[in-house]
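Residue strings, one per chain:
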Amino acid sequence: MLHRNGIYSEYREPADAPPMSAHLEEHGYVFLKNIFSADEVAALKDDINRIFDELPADGRAKGRSKEEDEHFRYEMLNRSEVCQKAAGHRGILDVIEPLIGEDCHVIANTAWRNEANFEAHHGGGAWHIDAGPHVPLPEGVSWPEDIPHPVFAVGCHIYLIDCQLDDGPTGVLPGSHLSGRFPPRESALDPSLTYNGNEVVPFIAEPGDVGLFVSDVWHRRMPTGEADKGRYFLQVHYGRRDIAQRLRSTSEVNHVSAEAIARASSERDRQLIGLHHNLFYDG
């Protein structure tokens, strides 16, 4: 754990932070009950529904159909005062700030409204990590137990309707963020995948609950069942101050002059000046 000492990060004693922060650091996830009231959830649903109705899908991701794109709206804090306020809820910040700093910021903010029984849906349906691994490790090497693993980014799901097993909840594999590796590709769709003997923990949620997970932890949307009624949540990704924001694509928002862009003749040239393809956070 850490806190900011001027412009630097300094070690923070775990006893000075909430127990939920320690759980998130150690296991790679934590689930928080009843963070948002019924009135707050209703206000979020109303305003997010408004945005889905008023604004077309962004069309950010390559290979995603227009029908799939309808399930998402991006940069929500730019579009909704209610969403911006939700992202700053102290019930969330008090848990994540001891891990990524009191000056952490929102790096992505996407509303997910997955329709029920939508077979072609995008929904993180294969095991993946959102970024990293931030500290890659070779096969067979484990992170030392006596050294806390650094956290660079945290994903957050604010649930607006209940999410049961048939709805394909987000599942996480505890401790997998310590692996220094991404999930095995041959098991990408295996719902029974384990890590060091740990089985998947599904985020079974009620409206107002919040699921938090470290960006490096192995996670996915679990398979849906016959009673699938869809999912509806506001996703917020928080990063350390050093991590770039991804609310908008770098092609739209960047620090680069038109002349510098014109001089970038290769894909590597474009990457070097900060123009990247969309990935997990910005698409």
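Because the structure is predicted, anything quoted here is derived from the model rather than measured.

Side note on the overall build of the protein
Then, number 1: When its secondary structure is counted, the protein shows 8 helices and 11 strands.
Then, number 2: Here the C-alpha radius of gyration of the protein, 19 Å, is about what a compact globule of 283 residues would show, namely 19 Å.
Then, number 3: Along the first, second and third principal axes, the C-alpha atoms of the protein reach 55 × 50 × 40 Å.
Then, number 4: The buried share of the protein, reckoned over its 283 residues, is 47%.
Then, number 5: Summarising the internal contacts of the protein: among those between residues at least 6 apart in sequence, 83% fall at separations of at least 24.

A short note on the sheet that holds strand 9 (residues 210-214)
The strands making up a sheet associate through hydrogen bonds between their backbones, and the pairing can be parallel or antiparallel.
Then, number 1: An order of 3-9-6-11-5-4 is seen for the 6 strands of this open sheet, with the pairing classed as antiparallel. Edge strands, defined here as strands with exactly one partner in the open sheet, are strand 3 (29-32) and strand 4 (72-73).
Then, number 2: Two strands pair when backbone bridges link them, and strand 6 (residues 153-159) and strand 9 are joined in this way by 5 bridges, in the antiparallel orientation. Residue isoleucine 158 lies in a different strand from strand 9, and its bridge partner there is valine 210.

With respect to the nonpolar core
Then, number 1: In this structure, Ile96, Ile158, Leu212, Leu234 and Tyr238 are the most contacted members of the largest nonpolar core, which totals 39 residues.
Then, number 2: In terms of residue count, helix 6 (residues 90-100) provides more of this core than any other element does, 6 residues in total.
Then, number 3: Sequence-distant contacts of leucine 212, defined by excluding residues within four places in its chain, comprise Leu24, Gly28, Tyr29, Val30, Leu32, Ile92, Val95, Ile96, Val154, Gly155, Cys156 and Phe203.
Then, number 4: Counting residues in hydrophobic clusters, the runner-up holds 12 residues, among them Tyr74, Trp112, Phe203 and Val217.

Concerning helix 1 (residues 19-27)
Because an α-helix completes one turn every 3.6 residues, residues spaced three or four positions apart along the sequence face the same direction.
Then, number 1: Those residues of helix 1 not exposed but buried are Ser21, Leu24 and Glu25. Along the axis of helix 1, the buried residues cluster in a sector spanning 95 degrees; they form a single face. What points out from helix 1, more than 90 degrees from its buried face, is the exposed set Pro19 and Glu26.
Then, number 2: Tucked into the core, helix 1 has its buried residues touching strand 3, helix 6, strand 6 and strand 9.
Then, number 3: Phi for glycine 28, located one or two positions after helix 1, is positive at around 90 degrees.

Brief notes about the sheet that holds strand 7 (residues 170-172)
Then, number 1: Pairing in this open sheet of 3 strands is antiparallel, and the strands run 8-7-10 from one edge to the other. In the strand order of this sheet, the two ends are held by strand 8 (201-202) and strand 10 (219-221), each with one partner.
Then, number 2: Pairing of strand 7 with strand 10, which is carried by 3 bridges, proceeds in the antiparallel orientation. Residue valine 172 lies in a different strand from strand 10, and its bridge partner there is histidine 219.

Observations concerning the pairing of strand 1 (residues 2-5)
Then, number 1: As judged from the 4 bridges shared by strand 1 and strand 2 (residues 8-11), these two strands associate in the antiparallel manner. Pairing of arginine 4 across the sheet is with serine 9, part of strand 2.
Then, number 2: With antiparallel pairing between neighbouring strands as the criterion, strand 1 and strand 2 make up a hairpin whose turn holds 2 residues, including glycine 6 at a positive phi of roughly 65 degrees.

Brief notes about the state of the cysteines
Here a disulfide denotes a covalent bond joining the sulfur atom of one cysteine to the sulfur atom of another.
Then, number 1: The final tally for this structure, using the stated rule, is 0 disulfides.
Then, number 2: In this structure cysteine 104 is not part of a disulfide, and its nearest cysteine sulfur, from cysteine 156, lies 11 Å away.

Comments concerning the environment of histidine 277
Then, number 1: On the secondary structure map, histidine 277 appears in the segment after helix 8 (267-272).
Then, number 2: Not counting residues within four places of it along the chain, the set of residues in contact with histidine 277 comprises Lys62, Glu267 and Asp282.
Then, number 3: Among the polar contacts listed, one links the side chain of histidine 277 to the side chain of glutamate 267, at a separation of 3.4 Å.

What about helix 2 (residues 38-54)?
Then, number 1: For helix 2, built from 17 residues, the straight-helix expectation of 24 Å at 1.5 Å per residue is met to within 8% by its first-to-last C-alpha distance of 24 Å.
Then, number 2: Within helix 2, burial applies to Val41, Leu44, Asp47, Ile48, Ile51 and Phe52. One side of helix 2 carries all its buried residues, which in axial view fall inside an arc of 145 degrees. Opposite the buried face of helix 2, by more than 90 degrees, sit the exposed residues Ala38, Asp39, Asp46, Asp53 and Glu54.
Then, number 3: Against the buried residues of helix 2 lie strand 4, helix 4 (76-79), helix 5 (81-87), strand 5 (105-114), strand 6 and strand 11 (231-239).

Rules used in this analysis
- Residues numbered from 1 in each chain as written.
- Predicted model: local features only at pLDDT ≥ 70, side-chain atom pairs only at ≥ 80, totals over all residues.
- Heavy atoms only, no water.
- Helix = DSSP H or I, 4+ residues; strand = E, 2+ residues; numbered from the N terminus.
- Rg over C-alpha atoms; globule rule 2.2 N^0.38 Å.
- Buried < 20%, exposed > 50% of the residue type's maximum accessible area, 1.4 Å probe, protein only.
- Contact = heavy atoms within 4.5 Å.
- Pairing = 2+ DSSP bridges.
- Core = buried A, V, L, I, M, F, W, Y, C linked by side-chain atoms within 4.5 Å.
- Arc of directions from axis to C-beta.
- Disulfide = S-S within 2.5 Å.
- Polar contact = N/O pair within 3.5 Å; in protein donor to acceptor, adjacent residues only side chain to side chain.
- Expected span 1.5 Å × (residues − 1).

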